[in-house]
Amino acid sequence: MQLLPVNLAYFLEVARTGSVTEAAHALNVAPSAISRQIAKLESGIGVPLFARHPRGMTLTEAGSRLLAHARRTETESTTLVEELRTGRGAEARSVAVACSEGFARRLVPRAIAGFRREHPDVAFRVDVVARQEATRRVVEGLADVAVTYTMGPQHDVRVECAVVVPVAAIVPLGHELAGRDRIGLADLCAYPLALASQGTSQRELFDIGAQLEGITVRPALVCDSLAPQYEFVRAGGGLALVGDLGDTEQSAATEGVTYVPVDHPVFRQREAQVQTATGRRPSWSATQFTELLVASLRRDRTA
């Protein structure tokens, strides 16, 4: 059942297909009806939502912003219809989480396990994605909550919690750096390194720090997934970096590595955030789980 206004429903389909003709075919309506609704929508708002091309239509900046709103509205409408049909109302029993990989290793699954001990009928979906993608999914209503790293202010989401996460070197057991209280970038860069790819927040800050220190680094391994980096370290290939969410000491023994804090002010520019959507009514389950995530993140950082 569709609760969206007709003009928004037509707008969504044109944005999805990039064509009035294809949207009309998908919706089983006349192309002229879609064109009229899009024109009325643009006239009412006062700005063009699409750029017209011979082979289709692409969203303008205003259209992209409206698309995010329309998707949130569509998601909320679908949730509401399901709640009304099942009679569960605020007891909606599913939560979608988007998070970057560092949070998917322990923080998020542990929070889910703890939540389900009290609410075993709540089901979860976790999507492990890049940091910007996690935020985008919340903005567009594809996820109820995101846990991700950020640099700089966030304008399109509600930041429920933000904490600075230090960086630690992943070091093999018995390595000469393993007993150090902390190390600098020069100490770290004296060994082969496994690093994330350029464009990730950790790599961006690492490169800035190395440049400030006058250090030239050629990574031995570039990989965005943590599992190969850990295996590289365990096999004696070198060192790697990871965000220290406060649980490294607990996991060191089981992972066959040790962790040494990396001391450089550049890493203080990155925050771990729990994000939710602005202007959207979350379900009871999503609200309660978000509160648990916030408490877990704050507790791990102050432990």
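Read on for an overview of the structure. Since this is a predicted model, take the numbers as computed values, not measurements.

Things to note about the sheet that holds strand E8 (residues 193-195)
Right, so step 1: The sheet built from five strands is open, its strands ordered E9-E8-E10-E7-E11 with mixed pairing. Only two strands of the sheet have a single neighbouring strand rather than two, namely strand E9 (221-222) and strand E11 (257-261).
Right, so step 2: Judged from the two bridges that link them, E8 and E9 form a sheet pairing that is parallel. Bridge assignment links Ala194 to a residue of E9, and that residue is Leu221.
Right, so step 3: Sheet strands in contact with helix H9 (residues 201-213) are E8, E9 and strand E10 (239-243), and its direction is about 120° off that of E10.
Right, so step 4: Packed on one face of the sheet, helix H10 (residues 226-234) meets strand E7 (167-172), E8, E9, E10 and E11 and runs near 140° to E10.

Looking at the packing of aromatic side chains
Right, so step 1: In the structure shown here, the tally under the stated rule is six aromatic pairs.
Right, so step 2: Measuring from ring centre to ring centre gives 5.4 Å for Phe11 and Phe50, while their planes differ by 55°; the resulting arrangement is tilted. Pair noted here: Phe11 is in helix H1 (residues 6-17) and Phe50 is in strand E1 (residues 50-53), with a separation of 39 residues, a long-range link.
Right, so step 3: Given the relative accessible area of 3%, Phe50 is considered buried.
Right, so step 4: On the basis of an interplanar angle of 65° and a centroid distance of 6.5 Å, the ring pair of Tyr230 and Tyr259 is categorised as edge-to-face. Of this pair, Tyr230 sits in helix H10 while Tyr259 is found in strand E11, placing the two residues 29 residues apart along the sequence.
Right, so step 5: An aromatic cluster is defined as three or more aromatic residues linked by ring pairs; in this entry it consists of Phe115, Phe124 and Phe289.
Right, so step 6: Taking NZ or CZ as reference, Arg270 lies 3.6 Å from the ring centre of Tyr149, over its face.

A look at the environment of Val29
Right, so step 1: With respect to the element layout, Val29 can be found in the loop between helix H2 (20-27) and helix H3 (31-45).
Right, so step 2: Counting along the chain gives 19 residues from Val29 to Tyr10, while the straight-line C-alpha distance between them is 9.8 Å.
Right, so step 3: Discounting residues that sit within four places of it in the chain, Val29 has contacts with Tyr10, Ala24 and Ile34.

Remarks on the pattern of salt bridges
Right, so step 1: Applying the stated criterion across every chain yields a total of 13 salt bridges.
Right, so step 2: Its salt-bridge partner being Glu42, residue Arg52 comes within 2.9 Å of it at the nearest N-O pair. Taken together, the positions of Arg52 in strand E1 and Glu42 in helix H3 put the pair 10 residues apart, joining distant regions of the chain.
Right, so step 3: A relative accessible area of 12% places Glu42 in the buried class.
Right, so step 4: One salt-bridge network, held together by shared partners, links Arg71, Arg125, Asp127, Glu133, Arg136, Arg137 and Glu140.

Concerning the sheet that holds strand E3 (residues 94-99)
As a general point, the strands of a sheet are linked pairwise by backbone hydrogen bonds and lie either parallel or antiparallel.
Right, so step 1: Strands sit in the order E4-E3-E5-E12-E6 across an open sheet of five strands; the sheet is mixed. A single partner strand is all that each edge strand has here, and the edge strands are strand E4 (123-128) and strand E6 (157-164). For this sheet, the mean angle separating the axes of adjacent strands, direction not counted, is 20°.
Right, so step 2: In the packing of helix H6 (residues 107-118) onto the sheet, contacts are made with E3, E4 and strand E5 (145-150), and the angle to E4 comes to roughly 175°.
Right, so step 3: Lying over the sheet, helix H7 (residues 131-139) contacts E3, E4, E5, E6 and strand E12 (271-277), oriented at roughly 145° with respect to E5.

What counts and how
- Residues numbered from 1 in each chain as written.
- Predicted model: local features only at pLDDT ≥ 70, side-chain atom pairs only at ≥ 80, totals over all residues.
- Heavy atoms only, no water.
- Pairing = 2+ DSSP bridges.
- Helix = DSSP H or I, 4+ residues; strand = E, 2+ residues; numbered from the N terminus.
- Contact = heavy atoms within 4.5 Å.
- Axes fitted to C-alpha atoms, helices over the stretch in contact; angles between N-to-C directions.
- Phe/Tyr/Trp six-rings, centres within 6.5 Å; stacked < 30°, edge-to-face > 60°.
- Buried < 20%, exposed > 50% of the residue type's maximum accessible area, 1.4 Å probe, protein only.
- Lys NZ or Arg CZ within 6 Å of the ring centre and 35° of its normal.
- Salt bridge = Lys/Arg side-chain N within 4 Å of Asp/Glu carboxyl O.

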